[in-house]
Amino acid sequence: MLIESQYGVNATIRPCRLCGEQRGLSISHALPNSAFVSALREGSGKVVAIVDDQTTPIQFSSDTWGVELLCATCEDKLNRKLDAYGIAVLKGQIGTVLRSDYGVTFRGIDRQRFRAFFLSILWRISVSSHASYSNIDLPTHWENELHLALKFDQKISGSKYTVAIYRLRDSTPDGFTSESLRSIVTAPFARDYEGKFVSVCFICFGFLVEIFLSKLPSKIKNKVGVLVGSNSIFMAPFQEIFDIPELVNMMGSGLYKRDIGLSQID
Ligand SMILES: [Zn+2]
């Protein structure tokens, strides 16, 4: 049913969130649809969905968190200009990717375009009405600024958002393989750094992405993993998956629900 709507069948006539024109809207994804593909493939078309609350049972789901958001023209524009590029870089299909003891290094990439890809995801998370994105709503002026930059193909100033990227790794015995790490997709979550900074994080394609909603002091901004400047070489350091407290909580919540019988997958 999702796929039918994606091609305009039964599309609703409403203003497109990007161009503002009254048009039939496509099913748009904030986190790219292809992030769900490997997870769905591993689970024969279904993934185990864990909602981080007290009451929602663990259940199988084939939902890829798409909603009617953009007209076909705008959807195609973001897909071609940003999604196709960003996904290809993450999958190692553009430039070269070298793995070391510290992380993965991408060579021959367009940093600005790569950064714009993540910021376009952030904007789509903010404007999406899907329940998985309901906990993230950017302040209006931040959302408007991203909107205008994406609509008019303007550069998104490096002095505003700081984008950091980390490659997931699990060094625990019998832990997640690289392949299974790539099949994890989380709903975005926010971090508050003692009131000094806030950030929005999400996990997809085997990476943790953290976007700070402000310019950070240079000692933080210049850390490895921060996507700043225009250098065509970029290293995403490793991030141990069990050192991400929000993810551990989500997995813990899922295990707890299964223990108390709040599960529809057993
Ligand atoms: Zn449009």
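Above this note sits the structure.
For the structure given in this document, a descriptive report is provided here. In this text the structure is predicted, and so the values were computed from the model without any measurement.

1. A short note on the sheet that holds strand β11 (residues 207-212)
Moving on, step 1. Read across the open sheet, the seven strands follow the order β6-β7-β12-β8-β11-β10-β9; overall the sheet is mixed. Either end of the sheet is taken by a strand with one partner, and the two such strands are β6 (96-99) and β9 (189-193). Averaged over neighbouring strand pairs, the angle between their axes works out to 30° when direction is ignored.
Moving on, step 2. When strand β8 (residues 162-169) meets β11, the two strands line up antiparallel, connected through six bridges. Looking at β11, one finds that R167 is bridged to F207.
Moving on, step 3. Across the sheet, helix α4 (residues 111-127) is in contact with β8, β10 (197-204), β11 and β12 (233-240); its angle to β8 comes to roughly 90°.

2. Things to note about unusual backbone geometry
Moving on, step 1. Its identity as a non-glycine residue notwithstanding, D153 has a phi of 55°, on the positive side.
Moving on, step 2. With respect to the helices and strands, D153 occurs in the loop between α5 (140-151) and β8.
Moving on, step 3. At F205, a position not held by glycine, the phi torsion is positive, near 55°.
Moving on, step 4. Residue placement: F205 occurs in the loop between β10 and β11.
Moving on, step 5. Owing to a relative accessible area of 7%, F205 belongs among the buried residues under this scheme.

3. Some remarks on the coordination of the zinc ion
Ideal coordination angles are 109.5 degrees for a metal with four donors arranged tetrahedrally and 90 or 180 degrees for a metal with six donors arranged octahedrally.
Moving on, step 1. Binding of the zinc ion to the protein goes through C16 (SG), C19 (SG), C71 (SG) and C74 (SG), at separations of 2.3 Å.
Moving on, step 2. Classification of the site at the zinc ion as tetrahedral follows from its four donor atoms and the range of 104 to 117° in their angles at the metal.
Moving on, step 3. Mapping the donors of the zinc ion onto the primary sequence gives the spacing C-x2-C-x51-C-x2-C. You can see C19 sitting in the loop between β1 (13-15) and β2 (22-29) and its partner C71 sitting in strand β5 (residues 66-71), a full 52 residues away along the chain.
Moving on, step 4. Its relative accessible area of 19% is what places C19 among the buried residues.

4. Quick word on the packing of aromatic side chains
Moving on, step 1. Inspection of the entire model under this criterion finds 11 aromatic pairs.
Moving on, step 2. For the pair F117 and F118, a centre-to-centre distance of 4.9 Å together with 55° between the ring planes defines the contact as tilted.
Moving on, step 3. Seen from their ring centres, F176 and F242 are 6.2 Å apart, and the 35° between their planes marks the pair as tilted. With F176 in the loop between β8 and α6 (178-182) and F242 in the loop between β12 and α8 (245-259), this pair connects stretches of sequence that are 66 residues apart.
Moving on, step 4. By way of ring pairs, the aromatic residues F106, F114, F117, F118, F207 and F234 are connected into one cluster.
Moving on, step 5. For the cation-ring pair, R167 lies above F207, with the distance from its terminal atom to the ring centre recorded as 5.0 Å.

5. A short note on the packing of helix α3 (residues 72-90) against α4
Moving on, step 1. Between α3 and α4, whose axes approach to 9 Å, the crossing angle comes to 115°. The orientation of α3 with respect to α4, classified from their angle, is roughly perpendicular. For the pair α3 and α4, the crossing hand works out as left-handed. Of the residues in α4, those touching α3 at L78, N79, R80, K81, L82, D83, Y85, G86, I87, V89 and L90 are R113, F114, A116, F117, F118, S120 and R124.

6. Quick look at the side chain of H29
Moving on, step 1. Within the fold, H29 resides in strand β2.
Moving on, step 2. Residue classification places H29 among the buried residues on the basis of a relative accessible area of 7%.
Moving on, step 3. Only 3.4 Å separates the side chain of H29 from the side chain of N33, close enough to count as a polar contact.

7. Brief notes about the pattern of salt bridges
Moving on, step 1. Inspection of every chain in the model, using the stated rule, returns 10 salt bridges.
Moving on, step 2. Between E143 and R17 there is a salt bridge, with the nearest N and O atoms lying 3.8 Å from each other. Separated by 126 residues along the polypeptide, E143 in helix α5 and R17 in the loop between β1 and β2 bring together distant segments of the chain.
Moving on, step 3. As a salt-bridge pair, R169 and E240 come within 3.2 Å of each other at their nearest N and O atoms. You can see R169 sitting in strand β8 and its partner E240 sitting in strand β12, a full 71 residues away along the chain.
Moving on, step 4. Within this structure, K77, K81 and D153 form a network of salt bridges that share partners.

Cut-offs and rules
- Just so you know, the residues in each chain are numbered from 1, in the order the chain's sequence is written.
- Given that the model is predicted, a residue must reach a pLDDT of at least 70 before its local features are reported, and side-chain atom pairs must reach 80 or more before they are shown or counted; all residues, however, enter totals for whole chains, interfaces and linings.
- Working from all heavy atoms in the structure, the side-chain values ignore hydrogens and water.
- If DSSP finds at least two bridges between two strands, the strands pair.
- Segments assigned H or I by DSSP are reported as helices when at least four residues long, segments assigned E as strands when at least two residues long, and all are numbered from the N terminus.
- To obtain an axis, a line is fitted to C-alpha atoms, over the contacting stretch when the element is a helix, and the angle between two such axes runs from 0 to 180 degrees between their N-to-C directions.
- Note on definitions: a residue-residue contact is assigned when non-hydrogen atoms from the two residues lie within 4.5 Å.
- Think of it in three bands: with a 1.4 Å probe and only protein chains considered, a residue is buried below 20% of the maximum accessible area for its type, exposed above 50%, and partly exposed in between.
- Note on donors: an N, O or S atom is included if it sits within 2.8 Å of the metal, or within 3.2 Å for Na, K and Ca, and water is never included, so sites can look incomplete.
- Square planar and octahedral assignments, for four and six donors respectively, both demand that opposite donors be over 155 degrees apart and that all other angles lie between 65 and 115; tetrahedral needs four donors with all angles between 85 and 135 degrees, and anything else is irregular.
- We call Phe, Tyr and Trp rings a pair once their centres come within 6.5 Å, taking the six-membered ring for Trp, and we label the pair stacked below 30 degrees between planes, edge-to-face above 60, and tilted otherwise.
- Note on geometry: a ring has a charge over it if NZ (lysine) or CZ (arginine) is within 6 Å of the ring centre and within 35 degrees of the ring normal.
- Relative orientations are named as follows: roughly parallel for angles under 35 degrees, roughly antiparallel for angles over 145 degrees, roughly perpendicular for angles from 65 to 115 degrees, and oblique for any other angle.
- Crossing handedness is defined as follows: a turn of the near helix away from the far one that is anticlockwise and smaller than a right angle gives a left-handed crossing, while the clockwise case is right-handed.
- We call two N or O atoms a polar contact when they sit within 3.5 Å, provided that within protein one can donate a hydrogen and the other can accept it, with sequence-adjacent residues counted only if both atoms are side-chain atoms.
- One speaks of a salt bridge when a side-chain nitrogen belonging to Lys or Arg is within 4 Å of a carboxyl oxygen belonging to Asp or Glu.

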